Structure formats: C-alpha cells, structure tokens
Amino acid sequence: MTDNIQGALPITARNITKTYGKVHALDDVSLDVKSGEFLTLLGPSGSGKTTLLMVLAGFTRPDQGSLKFGDQEMIRTAPHLRDVGMVFQNYALFPHMTVAGNVGYPLRLRNVPMPEISQRIEKALETVQLGGYGTRQIDQLSGGQKQRVALARSIVFEPRILLMDEPLSALDKKLRDRMQIELRHLHEKLGMTTVYVTHDQREALTMSDRIAVVNHGRIMQLATPQGLYEQPANRFVADFIGDSTFLPVERHGDQITYNGMPLKTSHPVPDAASLVLMLRPERVRLATKTTKTVNEFQATASELVYQGDSYLMYATMPDGTEISLRGAIRQGTVAALPKIGDHVTLALEPSDTVLIDGGDV
Amino acid sequence: MFGWLRKPASETQVTHGQRLWLYVFAGITMVLLVTPTLIVIPMSFSESQYLEFPPKNWSTRWYEHYFSSPEWMLATVTSLKAAFLTMLVATPIGVVAAYGLHASKVKFIRIAFVLLITPMMVPVVLVAIGAFYAYVKLGILYTLTGLVLAHTILALPLVLIVTGSALKSYDMNQELAARSLGAPRWKAFLTITLPQIRFAVVTSALLSFLTSFDEVVIAMFISGGDNPTLTRNMFNALRDQIDPTIASISTIMIVVTSIMMVLAQVFGRSKADK
Amino acid sequence: MASADIYADGLRRDERLERLKLFGLSSPAILLVLVILVIPVGWLFFVSFIGADGQFSMENYERMITRKSYFRIFITTFKISLFATALCILIGYPLAYFMSQLPNRIANLCMITVLLPFWTSLLVRTYAWLVLLQKRGLVNDWAISLGLWDEPIKMVHNMTGTLIGMVHIMLPFLILPVYSAMKQIDRDLLKAASNLGASPRRAFWTVFFPLSTPGLFAGALMVFVLCLGFFVTPAVLGGGKVIMVSMKIVSNIELFVNWGAASALGVVLLTLTVLVLWIASRFLNLENIAGGGH
C-alpha cells in the first residue's frame, strides 16, 4: 500500500433531492468537494447530513440529481462498485472474523493474490497503529481499537474517497479528542478526499479543511472553519457554531443601532431584511475604562461560574437581555472580578462586531 | 435446615415458606408435563400385549415387530423422506423470504407476512381438505411431492418467525459495510449475514423437520397408497385397537426428535449466542 | 455535462427494480401458500354453497342451524375450548410465575420440562394419555392404591380424557408467552410498590399481574384458537363420543364424501377463528402472538 493515494478524486454533487412523503430529507443540494479535501457535513440530527453521505455511498437513492467522482457519473452505480471507503458510527465490524479477516475482506473480494493480502493487511494495521493485531478477535478489542480496525478496513483497498459517519461519537471524550488529531494526521498522510459527518461543532472545527453546515436538507453555509466562526452567513450557522448571544439591531440608513446606540463595526453589513448582532462570549470584555473606539454595553453582573481555566459571567442589561462572556483566569483574575449585582461595562471591539442575517432559515 | 424457608424469595420480601404451596404446585405440574412423554419409553419394553406400567416382563418384541413389518418400515421411510425434503425445501425458501421481507421497504410487507403466516392460523383440518381437493385436481394425491409441498407451507410460518426475529436483532449495518467494501448484496448476505444468523437457520431447519415428521391431519388425507406416513398409520392404529407396537414407534420418535435437537444445538451455536 | 433531470427517471426505475427484486425473494413462498392454501380454501368456500343435487343452495348452512346434532357439535367445541383454556391458565400461570422468579440457569432447566413435551410428537403424547387413563391404566392403579377412589373411573373415550389430553398439549402454548412477558417486567417496579406500602399480595395483584396480562392474553388466545380447530387428541381420547367441529369435517369427507357439508363447516370454523383473532388484535399486536409461541 502506498503512503500517498494517487489521484484523490473530487466529488461533484448537483441538485440532489430526496423526499420521504412530505419531508425533504435533501432539498436540491449541490456540493463540490475538492480533490484531497477533508470536508465535514455538520448539522443537528435530522438535518440530512447522514442522508447526503448515504447518497454519496450509494445506499440511499435520491429522487433526482447528479453525482460525479472525478469525471465519472456515479449516481446510478451500485454501492459495491463505487470503490469508496466507509466508516460507520458503530464500526460495523464482522464479529465472526478476526481483525485480519475484517481488514482483508475487501482485498479478497477484489481477488488480490494471497501473499499480497497479508502484506497489505499488516501495512494498513500499522498505519492505524495496530500492527500485529491481525489474529485478535473483534470482541477482545476496546472501542478505540475497533475504531481503528474499521478505519484500516476502509483504507486497505486504497479508495480515492473516504466517507465517515460520526465515527467518534461512541468514544469517551479523551479518546475522541485524541482520535480527532490522529484522523487528521492520517488524512494528511494518505491524502484521499474525505467527507466526514458529525453533529459536534468542535470536532468539525478541529478536523476540517472546509465545513458544510446542513439543516432541513439544505446547505446553510460552506466555508473554512475560520470563515464559519468569524462570519456566519445566517443565524442558524451562528447559533450552531460556538455559543453566542444574539441582539436584535435596527438599521437607519447607513447606521446600525442597538437600542438607539450606534454600533461601530469593521465587518461588512449583510444585505438582509432583519439583522442581529452576534456576541461571542470570548470576544466580550469587561471594560475598565471607556474608549471611543469600542462598542459599550451597560449591564449588571447576574451570575459568575468558575470553570477552572476560565470564568463564565452572565450580565443582564437594562432591557432584560442576558449576555454571556468568558475570560481566561490568571494570577489575580478572580479577585478582580465584579461581584453579583455590580454594574459592569462590556466592551466589544469593532473587529468583533459581527452582524448577520436574522431571518428564519 | 428449614431456616431456608424464612429467607425472602422476592422483591416484595415474601418468604420461601409462604410460597411453599407455589413450589409444590409447580413441581407437580412439571412432573405431569414430562411424565406422559417419558412413560412411553419403559412401556415399549413390556412383554405383555396389554399396555402396562411398570412392565412385568421386559422384552423387545414390539421393536422386532416394528422393524420386521414391511408396512411400518415403508411408513417410516416415507415420513423420514418427507421430513428431510420439507426441511431442505422450507428452510431456504423461508430464510430468503424472511430476508426479503426484512430488507424490503414496500408497503406490501405486512400483507405478505400475514399471508405467509396463515397456514399457522387456519385450522389444520381446513388446510388438509383443501390440499386434498387441490391434489385430486392436480393429480399429485398420495405422492411424496404433494406431501412435501403441504408440509412446507406449514413449516414456512415457523421459519419466517424464527429467522425474522434473528434478523431484527442483527445489525444490518454490517451488510452495508460489506457492500461498501465491494460485495454485491447476495455476497454480503452469504458471507456476512448468514453466518451470524446460523442459529436461527438451523433452528428453522429443525422446526421444519419436526413439523413434517409429526404432522397427522394433512397426512391423513393426502398420504397413503405408496406413500403412507408413520403418523397416518399410527393414528389409524390408535383408532382401531391399541397396538403396543405404537409404544416402540413412539420411543423411536422421541429418540429421533432428541437427536435432531442435539444436532441443532451443536451446529447452531455461534459465539454471539448465549 | 448532463442535466440533473435525466437522472430522475433512471433513478426511479432503479428504485423500482430494487424493490421488486427484494420483494421477489419472498415470491416462491407466497406462490406456494397461494397455490396450496389460499386458492383451495377459497374454492372450498364456493363448494360450501353447493347442495347435494349439485346446484347452488344454502342447505349446508341451514343444516347447521336446524339439525340439533350440528348445533351440539358447535357447543361441544366451544365448551371444550373454553374449559381447556381456563384450565391452562389456572395451571400454567403459576408455573410460569414460579419460573420467572428463579435465577436464569435454574429457570432454563425447568423450561426443559415445558419444552420437552412441546417438541415431542403430538401423537406420542396423545397415545401416552390413552394408555395412562385406561381402566387398568397407571392413573387408576395409583389412585386406587393411594386410596383416592375405589373403583376404576372411566377417564378415556369421554370428555374428561379429552380435556386432560388437550390441556397437556396446550400448556406450553400458554406458558411460553406468559413467561416471556413476565421476564420483561421490571423488578424495580415491585420494589417501588413495596416501598410505597403495598403488601406482597397487593403488589402482585396491582403491579405484577396487570403487567403480565398481555402475555397471558396472547397465550390464552393462542390456546383457544388452537383448541377450536383441534383434531387429533379429541379424536383419539374422545373415542367418538366427544365430537368437535374438526372431527365432523373429517367424517363428512371420509365417510360421506359430502364436500358441501364439510366445506360449510370449515368455512364456519375459519370464520370463527378469524373473528376471535380479529377481536384480539384490537387489544394486542398480532405479531407478538406469533413470536410468543417460542
């Protein structure tokens, strides 16, 4: 098995629609995945992300659409002829075979000669750091190990596209965090086009080259992790990624105001009927002195939560809206924090003042 | 020794002593359930013409009578042939049907399932006279083919239920995984699914065998002539006079059943099963 | 650059073909059942409307209402089925309860006593009772030696023998679904009842028993339906004195070759069976009954 997949394929999906009765699982979805890219489909359950993955794999037949891997039209091709690797949420390992039996299965299907099979199995296992595990039984493995075997099985036949359906959701947090980084390394090493499905936004932000946020069968936004985080296209994306408070703002000609107070922003203002101001908790500061350059909000500290490495504060504004802000804890920070009931001034830099489309999606 | 009686027996802290009547009752019931089946065995070794228990004199004359009788031998062979053939026909047809119904998304599944269950719900007499009527018209009365076909539809519901329930608790994602790795549906079924529902398939085969071997009413009508079944002859013998040969045949039938059940345990157990 | 619309019709065709193929897997089975069961029984339905003269007539059905003997047969069938079901419940429920309270391994051992008769041939068990219940049979001998009664009681070739035999055959059909339902009852519920102040008896009747009723109902239903159409055991143990509908059907064919009468009886029996099942399905998922038999 080569260390680098030759010619990873781009994926071109056009106008994919799938309805179940009245429900649009996928609503005219079009998507371009670049060759060798790690793209994540991110969304809540029922958003259609898994359906889209299943369409890519060939297990769900859409009502209409076109799907190309490279130049080849694949939409009507049977799943077993698509040559894509797939990792399932619950691994779907074959319990009646050993690790080597599992990993060698796709090679046997392709009539690879026996000696080469053993070689490639061992190579694949080494790639996932399970070298020598070939003779183990599946029920002897831990969750993380099963994960890796599933991975090895899906790459051993050198597919040029890899699909993953929430593969880490069954693992505990520490293991999950580590596996995220390992998967990312593996992707960089092997270079195959990868489509990854998850509902965990942190996971998506960690691993992806680009993220497609999905909801109600449609792609809400397709951008890099930074693009999504800094400039969400709409409320849903802003809400889904990170924790934010949203404040309704009004537009008066060129000016954007909150409760009559004009806002200074260095970001472009979207051309939308209704706008909201997105406040990321870690971008809101406790102002110690007033300056003309920042946006200021007057509030009363209502709750303070100590979180070890950081603190989380809730401050209530005169109109009742609650803003959350987060800050790192260093020497002396805790002592300097306001008490509950104190008046606080919250500052927001214009570069952190992001306005987004507040309409319903 | 009787301190045990004062220990609690359940979540509600009822003691064993208070439940003694239940234990006695259950014990008697279990004895009554098993005894009639087992009592046939020693009876078959009785020398006397009149069925008696315990036998005063032991002898194997009824076995000799059975094995030396051409009529009984023919009936036995017929029953065994029919049972094996039913097993060979009903099991694949039923397992494949169960898989098709399980994997299918069509609305007709429910109707198909109910239809295939009807042989179990319809009174056997009706099935019997219906088959008799049809076989006269089709010209397959008193043939082994006709017998096997009729027994097959009796066995199908059992195969469907047993296999269907095994498929329900089976993770179909494994088939998806196999297909994503390059296996067409049928190969995925054969190499991945089938080995894992082995126990259900073997049980289905066993049930099919026993259903046919034990079947009386349908055999009464459509077997005979060159192909009488063991059950048919036994039933007629029971109605006419009480021939102790039947005791020896019964014992043999019990032995055959037990052997089949042991075989099922041996071949059916997979690591995944309890 | 193909337009997406081209792949709408093709996809539709692919989907339909796949559905057909999957459904087709069950077609041999369906074909068999249609040819050997559905069509002949359907034909019998028509035959039941043909009188002795070969013309259309309702006489087969009229006979059931007018002739006393036919009416009695239905009454007998119902009586026996009801009694047998009731006895199965009375005897089977406590045994199922007993087994449900045991640790799993011992319960499985006890289950063998239920499964062994279940797997043993029907004829063998019927024959065993025929022998046991005779005038000089085991039951009489032991009863007399134990002093239960003085003279041998006639327990075979009558209603008593038939009932005993039928109950013995039907017990596993009741015990298995009831036991399975009982095993699924959450033990913590009983602890909760106790904790809230219920005496053991109260806890049983207000918590455990109601939760076991679906299984009980399924089992009782199955027993009742099976008893209605039962042939072998009543025929042998009843000795011709106890006549059930199934036996009348058989004698109509074997002795009188009266297809009209037999079919009519069969149709009525089937209708009754379907009726009972339909009433029950209002309260119960029918698939559970089918699955509960094992």
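Residues numbered from 1 in each chain as written. Chains lettered and ligands numbered in written order. Predicted model: local features only at pLDDT ≥ 70, side-chain atom pairs only at ≥ 80, totals over all residues.

What am I meant to see in the overall build of chain B here?
Helices and strands together make up the secondary structure of chain B, namely twelve helices and zero strands. Tracing chain B from N to C terminus, the helices and strands come up as α-α-α-α-α-α-α-α-α-α-α-α. In terms of overall dimensions, chain B has a C-alpha envelope of 70 × 70 × 30 Å along the principal axes. Here chain B, with 274 residues, has 50% of them falling under the buried criterion. Taking all contacts inside chain B whose residues are at least 6 apart in sequence as the whole, residues at least 24 apart take part in 71%. (Helix = DSSP H or I, 4+ residues; strand = E, 2+ residues; numbered from the N terminus. Buried ≥ 20, exposed ≤ 12 C-beta atoms within 10 Å, placed from the backbone. Contact = placed C-beta atoms within 7 Å.)

For this particular structure, what's the right way to read the interface of chain A and chain C?
By a widespread convention, an interface's size corresponds to the accessible area lost as its parts come together. Opposite the eleven residues of chain A that make contact, chain C presents nine residues. Those elements that provide at least two residues to the side of chain A that touches chain C are β1 (11-20) and β4 (64-69) of chain A. Sorting elements by how many residues they give to the side of chain A that touches chain C places β4(A) first, with three residues. In the side of chain A that touches chain C, the residues fall into two nonpolar, four polar and five charged. (Nonpolar A, V, L, I, M, F, W, Y, C, P; charged D, E, K, R; others polar.)

Would you mind showing me how to read the domain arrangement of chain B here?
Residue and element names in this part refer to chain B. By domain assignment, chain B separates into domain 1 (2-62) and domain 2 (70-268). Distance between the C-alpha centres of domain 1 and domain 2: 32 Å. On the domain 2 side, the residues contacting the nine residues of domain 1 number eight residues. The biggest single contributor to the side of domain 1 that touches domain 2 is helix α1 (residues 20-43), with four residues. (Domains from an automatic or database assignment.)

Hey, could you run me through the confidence of the model for chain A in this one?
Detailed reading of the predicted model is not advised wherever pLDDT is low. Of the residues in chain A, 98% reach a pLDDT of 70 or more, and the chain-wide mean stands at 90. Throughout residues 1-5 of chain A the model reports pLDDT below 50, and contacts reaching past four residues in sequence, or to other chains, amount to 13 contacts. (pLDDT = per-residue confidence, 0-100.)

Could you clarify how one ought to interpret the pairing of β1(A) in this entry?
Note on strand geometry: in a regular strand, side chains alternate between the two faces of the sheet. All names here are of chain A. In the sheet, β1 pairs with strand β2 (residues 23-33) via seven bridges, with the strands oriented antiparallel. Within β2, the residue paired with Ile-11 across the bridge is Val-33. As judged from the five bridges shared by β1 and β4, these two strands associate in the antiparallel manner. Its bridge partner being in β4, Ile-11 is matched across the sheet by Phe-69. (Pairing = 2+ DSSP bridges.)

Where do I start with helix α3 (residues 114-127) of chain A in this structure?
Since there are 3.6 residues in each turn of an α-helix, residues three or four apart along the chain are aligned in direction. Residue and element names in this part refer to chain A. An ideal rise of 1.5 Å per residue puts 20 Å on 14 residues; α3 measures up with 20 Å between its terminal C-alpha atoms. Structurally, α3 contributes buried residues whose contacts are with α2 (99-109) and α4 (143-155). Looking one or two residues beyond α3, the residue adopting positive phi is Gln-129, at roughly 60°. (Expected span 1.5 Å × (residues − 1).)

Teacher, can you tell me more about the sheet that holds strand β7 (residues 161-165) of chain A here?
Two orientations exist for strands paired in a sheet by backbone hydrogen bonds: parallel and antiparallel. Residues and elements named next belong to chain A. Pairing in this open sheet of six strands is mixed, and the strands run β6-β7-β8-β3-β9-β10 from one edge to the other. Of all the strands in the sheet, just β6 (85-87) and β10 (218-223) have a single pairing partner and so form its edges. Averaged over all pairs of adjacent strands, the angle between their axes in this sheet comes to 15°, without regard to strand direction. With three bridges joining them, β6 and β7 adopt parallel strand pairing. Pairing of Gly-85 across the sheet is with Leu-162, part of β7. (Axes fitted to C-alpha atoms, helices over the stretch in contact; angles between N-to-C directions.)

Just to check I follow, could you spell out the pairing of strand β18 (residues 322-328) of chain A for this structure?
One ladder, built from seven bridges, connects strand β17 (residues 310-316) of chain A with β18(A); its direction is antiparallel. Looking at the pairing, A:Tyr314 lines up with A:Ser324 of β18(A).

Looking at this structure, how should I read the packing of α2(A) against α3(A)?
Residue and element names in this part refer to chain A. Two numbers describe how α2 lies on α3: the axes approach to 9 Å, and their chain directions differ by 125°. Taken as axis vectors, α2 and α3 run oblique relative to one another. By crossing handedness, the relation of α2 to α3 is classed as right-handed. Facing α2, whose interface residues are Ala-100, Val-103, Gly-104, Leu-107 and Arg-108, α3 presents Ile-117, Arg-120, Ile-121, Ala-124 and Leu-125. The residue makeup of the contact of α2 with α3, split by class, is seven nonpolar, one polar and two charged. (Parallel < 35°, antiparallel > 145°, perpendicular 65-115°, else oblique. Left-handed = near helix turned anticlockwise from the far one by under 90°.)

Just checking my understanding: could you explain helix α5 (residues 104-119) of chain C for this structure?
The end-to-end C-alpha separation of α5(C) is 21 Å, in line with the 22 Å expected for 16 residues at 1.5 Å each. Roughly 30° is the biggest bend found in α5(C), and it falls at C:Thr113, with proline C:Pro117 one to four residues downstream. Of the residues making up α5(C), those classed as buried are C:Thr113, C:Val114 and C:Pro117. As for α5(C), its buried residues are in contact with α1 of chain B together with α6 (122-132) and α8 (159-183) of chain C. (Bend = angle between axes of the 7 residues up to and from the residue.)

What exactly am I supposed to notice about the environment of B:Phe132 here?
Residues and elements named next belong to chain B. Among the secondary structure elements, Phe-132 is positioned in helix α5 (residues 124-138). Placed 89 residues apart in sequence, Phe-132 and Phe-221 show a C-alpha to C-alpha distance of 6.2 Å. Not counting residues within four places of it along the chain, the set of residues in contact with Phe-132 comprises Phe-221 and Ile-222.

Can you walk me through the domain arrangement of chain A in this structure?
All names here are of chain A. Domain parsing of chain A yields domain 1 (11-235) and domain 2 (245-357). For domain 1 versus domain 2, the distance between C-alpha centres works out to 39 Å. Counting residues at the interface gives five residues for domain 1, matched by seven residues for domain 2. Classifying every residue of the side of domain 1 that touches domain 2 gives two nonpolar, two polar and one charged.

So what exactly am I meant to see when it comes to the packing of α8(C) against helix α10 (residues 200-228) of chain C here?
Geometry of a packed helix pair, given as the angle between the helix axes and the separation of the axes. All names here are of chain C. The geometry of α8 relative to α10 is characterised by a closest axis approach of 7 Å and an angle of 155° between their N-to-C directions. If you check the angle between α8 and α10, you find them roughly antiparallel. The two elements α8 and α10 meet at a crossing, and its hand is right-handed. Every residue of α10 that contacts α8 at Met-166, Met-170, Phe-173, Leu-174, Pro-177, Val-178, Ser-180, Ala-181 and Met-182 is listed here: Ser-212, Pro-214, Gly-215, Leu-216, Ala-218, Gly-219, Ala-220, Met-222, Val-223, Leu-226 and Cys-227. Here the residues of the contact of α8 with α10 are counted per class, giving 16 nonpolar, four polar and no charged.

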